[in-house]
There are 2 protein chains.
Amino acid sequence: MTSHSPERLRVTYTLTCASDEDAEAKARDIAREQTVELPPGGAPAELEARVVGALEALTPADRGRWRAVIAYDPALVGADLPQLLNLVFGNVSLKSGIRVTSLDLPPALLARFPGPRLGIAGLRERCGIARRALLCAAAKPVGLSATALAELCYRFARAGFDLVKDDHGVTDQDSAPFRERVERCHDAVARANRETGGHTLYFPNVTGPRATLDERLDVARAEGCAGVLVNALPLGLDTIGAPAEWGLAVLSHPTFAGAFFGADHGIAPDVLLGTLFRLTGSDGVIYPNVGGRFPDSVFSEEVCGKINHALRAPLGGLRPAFPVPGGGIDAARVPHWIERFGGDTIFLVGSSLYTQPDLDAAARGLVESVRRHGA
Amino acid sequence: MTSHSPERLRVTYTLTCASDEDAEAKARDIAREQTVELPPGGAPAELEARVVGALEALTPADRGRWRAVIAYDPALVGADLPQLLNLVFGNVSLKSGIRVTSLDLPPALLARFPGPRLGIAGLRERCGIARRALLCAAAKPVGLSATALAELCYRFARAGFDLVKDDHGVTDQDSAPFRERVERCHDAVARANRETGGHTLYFPNVTGPRATLDERLDVARAEGCAGVLVNALPLGLDTIGAPAEWGLAVLSHPTFAGAFFGADHGIAPDVLLGTLFRLTGSDGVIYPNVGGRFPDSVFSEEVCGKINHALRAPLGGLRPAFPVPGGGIDAARVPHWIERFGGDTIFLVGSSLYTQPDLDAAARGLVESVRRHGA
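Per chain, residues are indexed from 1 in the order of the written sequence. Chains carry letters from A onward and ligands carry numbers from 1 onward, assigned in written order. Reporting in this predicted model follows two pLDDT cut-offs: at least 70 for local features of residues, and 80 or more for side-chain atom pairs to be given and counted; totals over whole chains, interfaces and linings ignore these cut-offs and use all residues. Excluding hydrogens and water, the side-chain values take into account all heavy atoms of the structure.

## Digging into the overall build of chain A
Then comes step 1: The way it works is that DSSP assigns letters per residue, a run of H or I at least four long becomes a helix, a run of E at least two long becomes a strand, and they are numbered from the N terminus. Assigned secondary structure in chain A consists of 15 helices and 13 strands.
Then comes step 2: The globule rule puts the C-alpha radius of gyration for 375 residues at 21 Å, and the 22 Å found for chain A is close to it.
Then comes step 3: For chain A, the C-alpha atoms occupy an extent of roughly 70 × 40 × 35 Å along the three principal directions.
Then comes step 4: Note on exposure labels: buried denotes an accessible area under 20% of the residue type's maximum, exposed denotes more than 50%, and partly exposed covers the range between, all computed with a 1.4 Å probe on protein chains only. Counting across all 375 residues of chain A, residues that qualify as buried make up 65%.
Then comes step 5: Counted over contacts in chain A with a minimum sequence separation of 6, partners at least 24 positions apart contribute 71%.
Then comes step 6: Of the roughly 12900 Å² of accessible surface on chain A, 50% is carried by carbon and sulfur atoms.
Then comes step 7: If the 39 positive side-chain charges of chain A are averaged to one point and the 44 negative ones to another, these points end up 5 Å apart. Between the two quantities, the radius of gyration covers C-alpha atoms and the globule rule is 2.2 Å times the number of residues to the power 0.38. Throughout, a contact is declared for two residues whenever any of their heavy atoms are within 4.5 Å. Per-residue and other accessible areas follow the Shrake-Rupley method at a 1.4 Å probe size, with only the shown protein chains counted as cover for residues. Think of it this way: Lys and Arg go in the positive column, Asp and Glu in the negative one, and His and the chain ends go nowhere. By convention, the charge on Lys lies at NZ, on Arg at CZ, on Asp at CG and on Glu at CD.

Encoded structure:
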């Protein structure tokens, strides 16, 4: 094992070894595969010392697993998010029994990434809410016309939701073309705000083909939107930062990310949805809350707490980001989750309202409950 | 089960059910989660029929699994790759026991994607090789200077390799900054070509932060490169198409993709690296060959054959793309793999040459062997 240096980038891999696998050999293989990608002796001696990852610790973990801490030279990353993904879990993703469970980036490397441009404080300012938990609704389903989606936005805004976003599957379908939808939904929310004196914000989903992104961001900004929704992995994780360049807040959706959340292989949810999504510029990150319609085996309360922590805790000079638990949150349970997760949380509540006999009354009831409990 | 319509987009999901899970309920849940994202009764009746995925077949598969064919309305996708990923495996990625094992896109939808701009025939033309298998080397490891990497490119070109690419971990590190590296490596290959009368092509790795991509492509084109390497998933799958807009061939690397290749959950390698990488514009797709340093449990010979098929077989009007098996191919075994995989294959041989006592002799021997066997 090699000595500890504070300037290195450290990845903790939890290793699940096959019966014929030796944990130390597996760890040393990762350290080479992710760097020189050559067997011992294949690289010049000087690079063996400087470039090959250093195995700093190897300790037994639960259920026969091992925990390996590998330190890499941050010069391998530069300020390059795709290369950070590649270094941390690129080629070893193609192996098995390797799970990234912690990522520790040195301050000089952290300083090279933008992080959230607004963060919790900036997004609160745009919402005009200084302290309590925030409420977000989703206008859905895909297939509705722009007019029908706008009507839903209006009703959620009238009820007093802080944010209304497009469903992540609503993009630019013929049923509700992007520009028409953004105009109608934004106008509907503005009308509700005039009527109530409220400050509801509408976040359109700008995810689309690469060539359309600038135009969609331009439409969103021109219309007066304060922020947007992005499907982070389908779009490309590094592209999360684009809306911020247009002055728009970034709400990131976890669609497609679940492939990484294998029990024995992949990247832990708090590292991917927490650290990495924050690093690249998410002001808020949606994730499936425990007890919803996604499996608690993946999103346990402990895992949700770790995601919250990774988004909010000090991380170099990066601003904290809002955790946005969703994925089937029962409206009646929101006060419970405010107590568990704290006020610096945005609760995304969708399906459980749509199945109520009176959507408007249910939405108003939820808003009142959050205003009471959310201080 | 609903009736079969040729215009629909069909996804086959292989389901691994927990002891308390019913296969049909699981399949119907996928059909809703990927579309309306609401429980039964939550969406207007008209959308229930048109937008919710239709479960067309549910049949037992091996090891107690089930195979569910779900048909979606292609209007949900438009011509939008991120939305295709989202529809096929977006939110259900966050569930478990769901594996995409086949993807069948209707002709009208296929026609909306570019596919390879050059494909096998176009890339052969740039290499000046009409028929035989091609050979590709990688200049590595990361950490070498641009001069040292260029020297390796020179040696592979002198030996007669058809292609020399940057290692996928070589990006824009201070040890070999992008522009200097591309200039030196391209010049070194051009010098070798002048000396030998050969036509070796140099493909630089252009993967980098979003904001640098246009500049890197511009450098590559200005330098005279015929193509580039992209780390497809770290960059964003939709961005694979960008180099083609600059007239550059696209060689896609599978780094980071392995998270999707779970035995019970994810996307089958031939669907992701084959169909989807081809759809978005890869002229060649690198994957870990069986018998190399990646696990045969994931990349069996059968899986490799399926990837080859997905890249080459008729797919609407899309051009076929080159399979590029690599990941620890033993140089001595290349003739064997030519016989197994056929001549429309690029063999990526790296590590097994670097560990030879005489790199140049080993490289020359391999080239001769391919020229003999590869007709």
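## What to know about the sheet that holds strand β6 (residues 163–166) of chain A
Residue and element names in this part refer to chain A.
Then comes step 1: A sheet is described by the order of its strands in space; here four strands give the open sequence β7-β6-β5-β13, paired in parallel fashion. Either end of the sheet is taken by a strand with one partner, and the two such strands are β7 (201–203) and β13 (346–348). On average, adjacent strands in this sheet sit at an angle of 25 degrees to one another, irrespective of strand direction.
Then comes step 2: Any two strands are treated as partners once DSSP identifies two or more bridges connecting them. As defined by bridge partners, strand β5 (residues 134–139) adjoins β13 across three bridges and the pair is classed as parallel. The residue of β13 that forms the bridge with C136 is L348.
Then comes step 3: Here an axis means a line fitted to C-alpha atoms, over the contact stretch when the element is a helix, while the angle between two N-to-C directions is reported on a 0 to 180 degree scale. Sheet strands in contact with helix α7 (residues 178–196) are β6 and β7, and its direction is about 165 degrees off that of β7.

## A few points about the interface of chain B and chain A
Then comes step 1: Counting residues at the interface gives 69 residues for chain B and 69 residues for chain A.
Then comes step 2: Surface buried jointly by chain B and chain A totals about 5800 Å² across both partners, of which 60% is contributed by carbon and sulfur atoms.
Then comes step 3: Interface area lost by chain B to chain A is led by L94(B), R210(B) and F256(B), which between them contribute 15%.
Then comes step 4: By definition, a salt bridge exists where a carboxyl oxygen of Asp or Glu is found within 4 Å of a side-chain nitrogen of Lys or Arg. In this structure, the connection of chain B to chain A is made through eight salt bridges.
Then comes step 5: Notably, a salt bridge pairs E245(A) with R210(B), separated by 2.9 Å at the nearest N-O pair.
Then comes step 6: Residues that form the side of chain B that touches chain A fall into these classes: 33 nonpolar, 24 polar and 12 charged. Put simply, buried area is how much 1.4 Å-probe accessible surface two parts lose in total, over both of them, once they are put together. Following the grouping adopted for this structure description, the nonpolar residues are Ala, Val, Leu, Ile, Met, Phe, Trp, Tyr, Cys and Pro, the charged ones are Asp, Glu, Lys and Arg, and the polar ones are all others, Gly among them.

## Description of the sheet that holds strand β4 (residues 98–104) of chain A
Residues and elements named next belong to chain A.
Then comes step 1: On the basis of which strands lie adjacent, the open sheet formed by five strands has the order β2-β3-β1-β4-β10 and mixed pairing. The outermost strands of the open sheet, each flanked by one partner alone, are β2 (54–60) and β10 (266–267).
Then comes step 2: Bridge count between β4 and β10: two bridges; the pairing is parallel. By the bridge assignment, V100 is partnered in β10 with I267.
Then comes step 3: Packed onto the sheet, helix α1 (residues 23–33) meets β1 (9–15), β2, β3 (66–72) and β4 and runs at close to 25 degrees relative to β3.
Then comes step 4: Taken strand by strand, helix α11 (residues 269–279) contacts β4 and β10, and its axis lies near 35 degrees from that of β4.

## Quick notes on the relation of the copies chain B and chain A
Mapping between the two copies of the chain is achieved by a rotation about an axis and a shift along the axis.
Then comes step 1: Expressed as a screw transformation, the operator carrying chain B onto chain A has a rotation angle of 180 degrees and an axial translation of 0.0 Å, and the superposed copies differ by an RMSD of 0.0 Å. On this basis, the relationship between the two copies can be described by a two-fold rotation axis. Among all residues of chain B, the minimum C-alpha distance to the rotation axis is found for G236(B), at 1.9 Å.
Then comes step 2: The fraction of interface residues of chain B whose copies in chain A are also interface residues reaches 100%, indicating that both copies meet through the same surface. Copies overlap after least-squares fitting; the atoms used are the C-alpha atoms of residues with pLDDT of at least 70 in both.

## Some words on the packing of helix α12 (residues 301–312) of chain A against helix α13 (residues 334–341) of chain A
Residue and element names in this part refer to chain A.
Then comes step 1: Viewed as axis vectors pointing N to C, α12 and α13 meet at an angle of 60 degrees, and their least axial separation amounts to 11 Å. Relative to α13, the element α12 lies oblique. You can see that α12 and α13 cross each other, and the crossing is right-handed. Counted together, E301, C304, N308 and R312 of α12 and W337, R340 and F341 of α13 form the full contact between these two elements. Each angle gets one of four labels, with under 35 degrees taken as roughly parallel, over 145 as roughly antiparallel, 65 to 115 as roughly perpendicular, and the rest as oblique. In this scheme the handedness of a crossing depends on how the near helix is turned from the far one: anticlockwise by less than a right angle means left-handed, clockwise means right-handed.

## Concerning the pattern of salt bridges
Then comes step 1: Enumeration according to the criterion identifies 48 salt bridges over all chains in this entry.
Then comes step 2: E37(A) is paired through a salt bridge with R293(B); the nearest N and O atoms lie 3.0 Å apart. In this pair, E37(A) is assigned in the loop between α1 and α2 (45–50) and R293(B) in the loop between β11 (284–288) and α12 (301–312), connecting two distinct chains.
Then comes step 3: The exposure class of R293(B) is partly exposed, given its relative accessible area of 26%.

## Brief notes about the packing of α13(A) against helix α15 (residues 359–373) of chain A
Residues and elements named next belong to chain A.
Then comes step 1: Look at α13 against α15: their axes get within 9 Å of each other, and the N-to-C directions meet at 30 degrees. Our classification of the angle between α13 and α15 gives roughly parallel. The two elements α13 and α15 meet at a crossing, and its hand is right-handed. Of the residues in α15, those in contact with V334, P335, I338 and E339 of α13 are L366, S369, V370 and H373.

## Examining the pairing of β5(A)
Residue and element names in this part refer to chain A.
Then comes step 1: A large share of β5 lies buried, amounting to six of its six residues.
Then comes step 2: The alternating pattern of β5 places L134, C136 and A138 and L135, A137 and A139 on opposite faces, both of which are buried.
Then comes step 3: Bridge analysis of β5 against β6 gives four bridges, and the strand direction is parallel. Bridging across to β6, A137 finds its partner in V164.
Then comes step 4: Seen with its strands pointing away from the viewer, a crossover is right-handed if its path from the first strand over the helix to the second goes clockwise. Chirality of the crossover, the property in question, places the unit of β5, helix α6 (residues 146–159) and β6 among those that are right-handed.

## Description of the packing of aromatic side chains
Then comes step 1: A pair of Phe, Tyr and Trp rings is counted when the ring centres sit within 6.5 Å of each other, with Trp represented by its six-membered ring. The angle between the planes then sorts it: under 30 degrees is stacked, over 60 is edge-to-face, the rest tilted. Scanning the entire structure with this criterion turns up 13 aromatic pairs over all chains.
Then comes step 2: Seen in terms of ring centroids, F256(A) and F89(B) are 6.4 Å apart; in terms of plane orientation they differ by 80 degrees. Their pairing is edge-to-face. In this pair, F256(A) is assigned in the loop between β9 (249–253) and β10 and F89(B) in helix α3 (residues 81–89), connecting two distinct chains.
Then comes step 3: Residue F256(A) is classed as buried on the basis of its relative accessible area, which comes to 3%.
Then comes step 4: Assessed through its relative accessible area of 0%, F89(B) is described here as buried.
Then comes step 5: Where F261(A) meets F299(A), the ring centres are 5.8 Å apart and the plane angle is 85 degrees; that geometry is what we call edge-to-face. Of this pair, F261(A) sits in the loop between β9 and β10 while F299(A) sits in the loop between β11 (284–288) and α12, and the two are 38 residues apart along the sequence.
Then comes step 6: Look at F299(A) and you get buried, because its relative accessible area is 0%.
Then comes step 7: Taken together, the ring pairs connect F89(A), F256(A), F260(A), F89(B), F256(B) and F260(B) into an aromatic cluster.
Then comes step 8: Whether a charge sits over a ring comes down to the Lys NZ or Arg CZ being within 6 Å of the ring centre and within 35 degrees of the ring normal. We note R191(B) situated over the ring of Y154(B); from NZ or CZ to the ring centre the distance is 4.1 Å.

## What about the confidence of the model for chain A?
Then comes step 1: The quantity called pLDDT is the predictor's confidence in a given residue, expressed from 0 to 100. Looking at chain A as a whole, its pLDDT mean stands at 95, while 98% of the residues score no less than 70.
Then comes step 2: Prediction confidence for the complex, expressed as pTM and ipTM, is 0.97 and 0.96 respectively.

## Overview of helix α5 (residues 119–127) of chain A
Then comes step 1: Those residues of α5(A) that sit buried are G119(A), I120(A), G122(A), L123(A), R124(A) and C127(A).
Then comes step 2: Positive backbone phi, approximately 70 degrees, marks G128(A), located one or two places after α5(A).

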